[in-house]
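Residues per chain, in single letters:
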4 protein chains.
Amino acid sequence: MAEVGGIAADRLRSFVERVERLEEEKAALSADVKDVYAEAKGSGFDVKTIRQIVRLRKMDQTDRDEQEALLDLYKRVLDL
Amino acid sequence: MAEVGGIAADRLRSFVERVERLEEEKAALSADVKDVYAEAKGSGFDVKTIRQIVRLRKMDQTDRDEQEALLDLYKRVLDL
Amino acid sequence: MAEVGGIAADRLRSFVERVERLEEEKAALSADVKDVYAEAKGSGFDVKTIRQIVRLRKMDQTDRDEQEALLDLYKRVLDL
Amino acid sequence: MAEVGGIAADRLRSFVERVERLEEEKAALSADVKDVYAEAKGSGFDVKTIRQIVRLRKMDQTDRDEQEALLDLYKRVLDL
DNA sequence: GTGGGTTTGTGGCACC
DNA sequence: GGTGCCACAAACCCAC
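Read on for an overview of the structure.

The subject of this paragraph is the protein's contact with DNA strand F. As a structural note, the neighbourhood of DNA strand F is formed by A:Lys34, B:Lys34, C:Glu23, C:Arg55, D:Lys48, D:Arg51 and D:Arg55. Taking the atoms of DNA strand F that fall within 4 Å of the protein, sugar and phosphate contribute 100% of them. Here a phosphate oxygen of DNA strand F and a side-chain polar atom of D:Arg51 are 2.9 Å apart. Top element by residues in the surface near DNA strand F is helix 2 (residues 47-58) of chain D. It accounts for three residues. Partitioning the surface near DNA strand F into residue classes produces no nonpolar, no polar and seven charged.

In structure tokens form, the structure reads like this:
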């Protein structure tokens, strides 16, 4: 990166800005999520509970996958 | 939420699914960010340092200076 | 913290060193864990599988607690 | 691990429990660290900065200098 | 202002 | 030996 004002600098700046752009979009989506929760709250629902529901629904998938992997390992260990 | 099988339940389900959809999009963007860093690394840049840069640019100039001043102070106190 | 060479400096140094001491102990325990896994491996067990077991046994407790909390919340929502 | 109900199973259980015990001790030490930081905060110190100090002291002087030099370079490239 | 939760960053580990 | 992955730990944010 000898050319501070040249090509490498442009590339570096490009990478930084691409990341920043993506992070902004993520932040916008996070704001959207927040809005949905606010709307749910305004409709009389308990936000905390909904968060738990979302977490559980996501976790269930993860657990299922892990369980399956573990089961496969056990099967092989036991020559089943 | 007296009507478990009725209107309220539908609304609740709607909120949950909207959140899940948004979270999926966020996950996709996180993957994109990861890709950008991988590309930067492949171009010879140091990923860890770029992360620091992004973090610094997100900070207010004032905060950045304050953090730095505080760190310098503690360093002097400890002869670091 | 006007007295760089005085009381405040001593306190700061004390805090830093207490943390460092605790972190060292943690590192020692991490090394012990590593040793146990090495011994298990030497006994013919699959380390990765044992890690999964430990994770599952820990996660089960967490899930159980969350499930219970969620159930309580549902009960209240439904006036049961 | 042919003898699921026998010797091998006992050994496996032993390994799992030893790891769990060690992880518990680690968790206790983590709690102690947290307490120290809380006490430091109560004495008027900035916790975040102390964490930085601890991190810096853990680093090799050479690595510390390299990180700093790299960050400075990137900063200059980006006119930060 | 404090605590809990979520998310991000970093380090270790396995695989290639 | 390098790279991708995963789990732990730290930082940030919100709610109370």
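The discussion continues.
Moving on, we get to the pattern of salt bridges. Charged atoms that come close allow side chains of opposite charge to pair. In this structure the tally under the stated criterion is 21 salt bridges over all chains. Through salt bridges with shared partners, a single network forms among A:Arg11, A:Arg18 and B:Glu39.

Neighbouring residues of DNA strand E: A:Lys26, A:Arg55, B:Glu23, B:Lys26, B:Lys48, B:Arg51, B:Arg55 and D:Lys41. Near-protein atoms of DNA strand E (within 4 Å) split between backbone and bases, with sugar and phosphate holding 100%. Side-chain polar atom of A:Lys26 to a phosphate oxygen of DNA strand E: 2.8 Å apart, as the coordinates give it. When residues in the surface near DNA strand E are grouped by element, the largest group, three residues, is from helix 2 (residues 47-58) of chain B. Taken together, the residues of the surface near DNA strand E sort by class into no nonpolar, no polar and eight charged.

So, on to the environment of C:Asp35. Residue and element names in this part refer to chain C. Along the chain, Asp35 falls in helix 1 (residues 7-42). By relative accessible area, Asp35 is classed as partly exposed at 47%. Each C-alpha atom of the pair Asp35 and Arg21 lies 21 Å from the other, and the pair is 14 residues apart in sequence.

Residues and elements named next belong to chain A. Here Lys75 shows up in helix 2 (residues 47-77). The exposure class assigned to Lys75 is partly exposed, which follows from its relative accessible area of 39%. Along the chain, Lys75 and Leu22 lie 53 residues apart, while their C-alpha atoms are 43 Å from each other.

Reports often express the size of an interface as the amount of accessible area lost when the parts come together. Taken together, the contact pairs 29 residues of chain B with 29 residues of chain A. Taken over both partners, the interface formed by chain B and chain A buries close to 2,800 Å², and the fraction arising from carbon and sulfur atoms is 73%. Considering only the surface of chain B that becomes buried against chain A, B:Phe15, B:Leu29 and B:Phe45 emerge as the three largest contributors, covering 21% of it. Close ionic contact of A:Arg11 with B:Glu39 constitutes a salt bridge, the shortest N to O distance being 3.7 Å. In this assembly, chain B and chain A are joined by eight residue pairs in polar contact (both at pLDDT 80 or more). The greatest single-element share of the side of chain B that touches chain A, amounting to 22 residues, is contributed by helix 1 (residues 7-42) of chain B. Considered class by class, the residues forming the side of chain B that touches chain A number 16 nonpolar, two polar and eleven charged.

Rules behind the numbers
- Residues numbered from 1 in each chain as written.
- Chains lettered and ligands numbered in written order.
- Predicted model: local features only at pLDDT ≥ 70, side-chain atom pairs only at ≥ 80, totals over all residues.
- Heavy atoms only, no water.
- Near = heavy atom within 4 Å.
- Polar contact = N/O pair within 3.5 Å; in protein donor to acceptor, adjacent residues only side chain to side chain.
- Helix = DSSP H or I, 4+ residues; strand = E, 2+ residues; numbered from the N terminus.
- Nonpolar A, V, L, I, M, F, W, Y, C, P; charged D, E, K, R; others polar.
- Salt bridge = Lys/Arg side-chain N within 4 Å of Asp/Glu carboxyl O.
- Buried < 20%, exposed > 50% of the residue type's maximum accessible area, 1.4 Å probe, protein only.
- Contact = heavy atoms within 4.5 Å.
- Buried area = accessible area lost by both parts, 1.4 Å probe.

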